[in-house]
Amino acid sequence: MTATLERPDGTVAAPKRPPRWWLLLGKDKMAAVAAVVLGLVLLTALAGPLLLGDAATRQDLDASLRPPSFDHGITGLLGTDILGRSVLARLVEAAGTTLSVAMPAVLFSLVVGSAIGMWAGYHGGRRENIAMRVADVILSFPSLLLAVVVLYVFTPSVANIVFILALARIPIYLRTARAEAAELKSRLFVDAARTFGTASWPTIYRHILPIAMPTLLTVATLDFCFVMLSESSLSFLGIGIQPPDVSWGLMVAQGRQFLQTAWWIAVLPGVAIVLTTVSATILAAWVRLATDPAQRWRLTLPTSKRGKRRVTTEVTA
Amino acid sequence: MLSSVPTRRRTRALTALLAAALLPASACAVANSDGAGDAGAADGSTLRIVLAQEPPTLEPCESSLTSTGVVVRSNISEPLIERDPTTGELDPLLATGWRQTSPTTWTFDIRSGVRFHSGAPFTAEDAAFSIDRAVNSDLACNVDGYVFEDEKLGVEATSPTSLTVTTVEPDPILPLRLSFVEIVPRGTSTEAKVREPVGTGPYAIAGWQTGVSITLHRNENYWGEQPAFPVVRYVWRSESSVRAAMIAKGEADLSTGLDPEDATEENSIAYPNNETTALRLDGTQAPLDDIRVRKAIGLVIDRQAIARTLFDGLGEPAAQLVPDGVVGYNPALQAQAPDHEAARALIEQARADGVPLDREITLVARNDQFPRVAETAEALQYQLAQLGLNVRILMTDTAAHLQYQLRPFPENVGPVALLIMHGNQAGDAAFTTSQYLVSDGPQSTFGTPELDARIDDAERLSGQARQDAFAAVLADQNETVAQYAYLAHMRGLLGIGDSVEYEPNPATGDELRLAAVRPAKGQGR
Amino acid sequence: MTTFLRKRIVSSAIPLVVVVLGVFILARLTGNPVDLYLPLSATAEQRAAFSAEHGFDQPILVQLWDYLGQVVQLDFGESLRTGQPAAEMVLEAFPATLQLAAVTMLIAIVGAVLIGSLAAYRPNSLADRTSSFLSMTAASIPDFWFAIMGVLVFGVSLGILPTSGVTGGPEVWVLPIATLLIRPFGVLVQVVRGSMVAALSAPYVKVARGKGASEKRVVFGHALRNATMPVLTVAGDLTIGLVNGAVVVETIFGWPGIGKLMIDSILQRDFAVLQAAVLLTAVTIFLLNILIDVCYALLDARVRQAVPA
């Protein structure tokens, strides 16, 4: 299953044949920008809190609701919230929390859902039936309400939020993966593997996973956005990330009351969510093209004039 | 993929199937097209009010619940006596007079010539029935618990215009308590609560479209002065900004509970709403069982800054649980600026005595308790952290908050600092002390026998002696018990459009008297 | 076809039972509602009487057994909050949400097919990039944020739409639907685009072009038909997800639907209403899933054999 995790990173960080991937990325300006934005978000989430110290939690009720300006140093650049905390520092602090909710939730549902789905689709019969009915059960609960109930019963800690958001999304991967596996298992190469006595998991891993992967990854990127928004909706309903922790979703939810009077509190974290998810989607679309031999040539289409012939030959070679 | 040809017809069939499934659903709309919005047209004959939530019921014996009382009280049904929310005086309503005829007996003169909406005449029998129903029945009415503390009353109609009420113990404020009992006609169910009651009030229920609106029509046979608006319509929106938008747009004339950031001078009026916010410190759990720690918390909270910033200047820093105007309010107790040095000194003493100061304290607050409650909790957490205390915030919904608020308290949850908002609707400190201060009070975590005794004595007194005794009780609590670290006496914001005139009073949030709302002058309505 | 349908319905009945059990137990875990419904100073006897009246004093399995016995007789209990029959409250609220969801999905699917196809027709063109970017942005805007901005801008500042409510002409539908629409629309545009890019480069499209079919016919006739399956799957999931959006939209706009009813009954520990509402939603989702399966089966005969018995 580790291949599932390595792959999206691998295409960006390019462990095997770096020049080619970097060149391809350079050809697609939007994908390049998206990669840079995502890189910045990651960097911010990792290094930001170290630089800012306690600026994200330091309150000053006399500095409440200051608009963005250059008058109060770096921390005052994007204004302050109602408690006089620096919005910039909170955005940075929130990046870490947001990613540490969204990424585990997406990865967890991706791995578990895909594994069960492919297993069910590959074997068919009763195993498939049971897996699909479990998916039906989860899907039949409105996920937001399920989250609210569960988080009232158990405390709304980050781990619980991750778990419940992941649980709600498992059926999506399960169904997608099952459909792919069910179709692939009758194909010649899978049949051949089975005939030669290969066990089921190696077959799934070697023959089904690589083909199902692009679709699953696309769903995962869309889900990245879904998870962030769900986390925000939970905060809107008062049951999301709990202070003093802060996430972008919580900032948008808490800031909504100030939309008329202090726009920066709700709008800036909203922009952060939009930028991150749009970048992730663009990059995922690019990765999907770049990893699909039948589609890869599209990346070489001229978005700029220079060097198109060389890359074309190199890629199609 | 399949070859595309054979599926062509099927795709068409599929499209038709989908369309067939979707269209009937959208053909019959919930929206009926009178083009005027939920609250009705701005035609001058309808008063349109937007509430924060739909009343769960209009049962009169539940009217001490804010969301029910704000519609029912003195509009649909009326009590025998009403309390003037500004002066605290008791005024006659369905009773024309009352007197204490023995230490445990009160006699009430019942108004004649009053009819219920159903047309039935109102007599002392109905009054006796209503009191019996609210207080002595198995309905478990909120009024019963809140106002009477399950004291059982003997009620008898001695003639159609005379009623006697007897209590077990002498009760000097029985008329005040009875001002919470709304009168319903005999025949109203005593087995179940009624959703749409009949009363004697200036308005009768004309319709309740669940989830959408409640419509009241003027009672043309009302015994008193006719109110200005023939029709009143209530709608509800949970977002304050939407309520404010409805006022701004002219879709509603009045709105309860606006948040400060949605309010402007044109669209709202601030009024003291009798609510007081405070932290209730659980004195049974370390480190909060040490009075020095509790006092240090009281000293370190910057209630001035919280009131100024988080409550937008609408709160007045508090040093006791009841606001000015309530019997027992102690004018000598005034909120002080935070004193960090004194607080730290107390904490150091406690630390030296081995009090476990690093034990995690849970600060419990309720979503939507008051505007900016989450931010207030964060401010408190920050200020207590400066004292070296380890505080965790737990935001809950109403049900979970009640578990922390009421006896029996949850066990094994460690030390709890509960953010409470106490509204003394009745105007007498006895309603506060019996709940929040006595050792075994339903909302009190602990107390002292000495304070209990003083409260017991104060409850038997009346007049100036009562005022002085309760004022002393409140001062004593701060000195010897310190169960509460106060925040502020709150003020509410009433959204008001320019088409109506209304002067809010301290009771407006609990009881919005429609008869007091008039069309604005110069509106030609 | 009938056999397939019958099998599908029978095999889906078990999940419905599990849903009923699940919501019943989860609801009980949120605590006894006695404090919410009794006066602050209710005596221990009153609490006990309240618990006994509503069966909360019984072991959870006994409660569950009693409840199932009632449900079989189509008795869903009464609301603690209003005293009305739970089934009545749920059925009253349901059409409001269904209409909202149906109109939203109709607009989302039609709009996404048009815009997605247009974008896929020339991949990486300006039109493609613009529509992709806008749809991605739409899919990542928090819905409550969008709703409140809509009220402030179109309701108050411009004054061209009512701020909220359900009473009025078609204009009251605009903001709730727009709020509910942004996410499914944004996602669907991308899915349609993706499927269409693949379909338009497939051999049969080249064949169709070679035969001299018009471009309109190539795109909407040949390619779109083959791109329908993934779009259908995602549209189904998004429709189910609309219940989440409905909670937010109905809360903000005062729309008397089932989303608001569910969240209120959770907050009020109104178990009977919550159970009835979740059950009805689950039945709807179940029917929707069958409808999608039927569509699949019609679209692709192979699925009929592949669907497990």
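Residues numbered from 1 in each chain as written. Chains lettered and ligands numbered in written order. Predicted model: local features only at pLDDT ≥ 70, side-chain atom pairs only at ≥ 80, totals over all residues. Heavy atoms only, no water.

What is the right way to read the side chain of threonine 432 of chain B from this model?
All names here are of chain B. Considering the arrangement of structural elements, one finds threonine 432 in helix H12 (residues 430-437). In this structure the side chain of threonine 432 is engaged in a polar contact, spanning 2.7 Å, whose partner is the side chain of histidine 422. Once residues lying within four places of it in the same chain are set aside, the contact partners of threonine 432 are Leu321, Val322, His422, Asn424 and Leu437. (Helix = DSSP H or I, 4+ residues; strand = E, 2+ residues; numbered from the N terminus. Polar contact = N/O pair within 3.5 Å; in protein donor to acceptor, adjacent residues only side chain to side chain. Contact = heavy atoms within 4.5 Å.)

How should I be thinking about the UniProt feature "domain: ABC transmembrane type-1" (unreviewed entry) in chain A in this particular structure?
Per the UniProt record, the feature "domain: ABC transmembrane type-1" (unreviewed entry) sits at residues 95-284 of chain A. Between the C-alpha atoms that bound residues 95-284 of chain A there is a distance of 20 Å. The span itself is 83% helix and 0% strand. (UniProt positions renumbered as here; feature names shortened; annotations may be inferred.)

In this structure, what is going on with the nonpolar core? I would like to understand it.
Grouped together as the largest cluster of nonpolar side chains are 236 residues, with contacts concentrated most on Trp248 of chain A, Leu279, Ile297, Ile301 and Ile306 of chain B together with Ile252 of chain C. In this structure, isoleucine 252 of chain C is in contact with Phe236 of chain A, Arg237, Glu239 and Val242 of chain B together with Phe144, Ala147 and Ile148 of chain C, ignoring residues within four places of it in sequence. (Core = buried A, V, L, I, M, F, W, Y, C linked by side-chain atoms within 4.5 Å. Buried < 20%, exposed > 50% of the residue type's maximum accessible area, 1.4 Å probe, protein only.)

Looking at this model, I keep getting lost on the packing of aromatic side chains. Mind explaining?
Within a pair of aromatic rings, the relevant descriptors are the distance that separates the centres and the angle that separates the planes. On inspection of all chains with the given rule, the structure shows 12 aromatic pairs over all chains. Where phenylalanine 56 of chain C meets phenylalanine 271 of chain C, the ring centres are 5.7 Å apart and the plane angle is 85 degrees; that geometry is what we call edge-to-face. Taken together, the residues span a long stretch of sequence, with phenylalanine 56 of chain C in the loop between helix H3 (44-54) and helix H4 (60-72) and phenylalanine 271 of chain C in helix H12 (residues 271-299) at a distance of 215 residues. An identical accessibility class is assigned to phenylalanine 56 of chain C and phenylalanine 271 of chain C; each is buried. Counting every residue linked through ring pairs, the aromatic cluster contains Tyr37, Phe50, Phe56 and Phe271 of chain C. Here the guanidinium or amino end of arginine 269 of chain C rests over the ring plane of tyrosine 152 of chain A, the centre of that ring lying 5.5 Å away. (Phe/Tyr/Trp six-rings, centres within 6.5 Å; stacked < 30°, edge-to-face > 60°. Lys NZ or Arg CZ within 6 Å of the ring centre and 35° of its normal.)

I'm lost on the pairing of strand E10 (residues 231-236) of chain B in this one. Help?
Within a regular strand, side chains alternate between the sheet's two faces. Residue and element names in this part refer to chain B. Counting buried positions along E10 yields five of six residues, so the element is predominantly enclosed. Pairing of strand E1 (residues 46-51) with E10 involves six bridges; the strand directions are parallel. Bridging from a neighbouring strand, valine 50 pairs with valine 235 of E10. Taken together, the four bridges between strand E9 (residues 213-218) and E10 define a ladder with antiparallel strand orientation. Within the sheet, the bridge partner assigned to threonine 215 lies in E10 and is arginine 233. (Pairing = 2+ DSSP bridges.)

Mind showing me how you'd approach the packing of H12 of chain B against helix H14 (residues 463-481) of chain B here?
The relative placement of two packed helices comes down to the angle between their axes together with the axis-to-axis distance. Residues and elements named next belong to chain B. At their nearest, the axes of H12 and H14 sit 11 Å apart, and the two run at 30 degrees to each other. Classified by the interaxial angle, the pair formed by H12 and H14 is roughly parallel. Between H12 and H14 the crossing geometry is left-handed. Of H14, the residues touching H12 (which contributes Ala430, Thr433 and Leu437) are Arg466, Phe470, Val473, Leu474 and Gln477. Residue classes in the contact of H12 with H14 are distributed as five nonpolar, two polar and one charged. (Axes fitted to C-alpha atoms, helices over the stretch in contact; angles between N-to-C directions. Parallel < 35°, antiparallel > 145°, perpendicular 65-115°, else oblique. Left-handed = near helix turned anticlockwise from the far one by under 90°. Nonpolar A, V, L, I, M, F, W, Y, C, P; charged D, E, K, R; others polar.)

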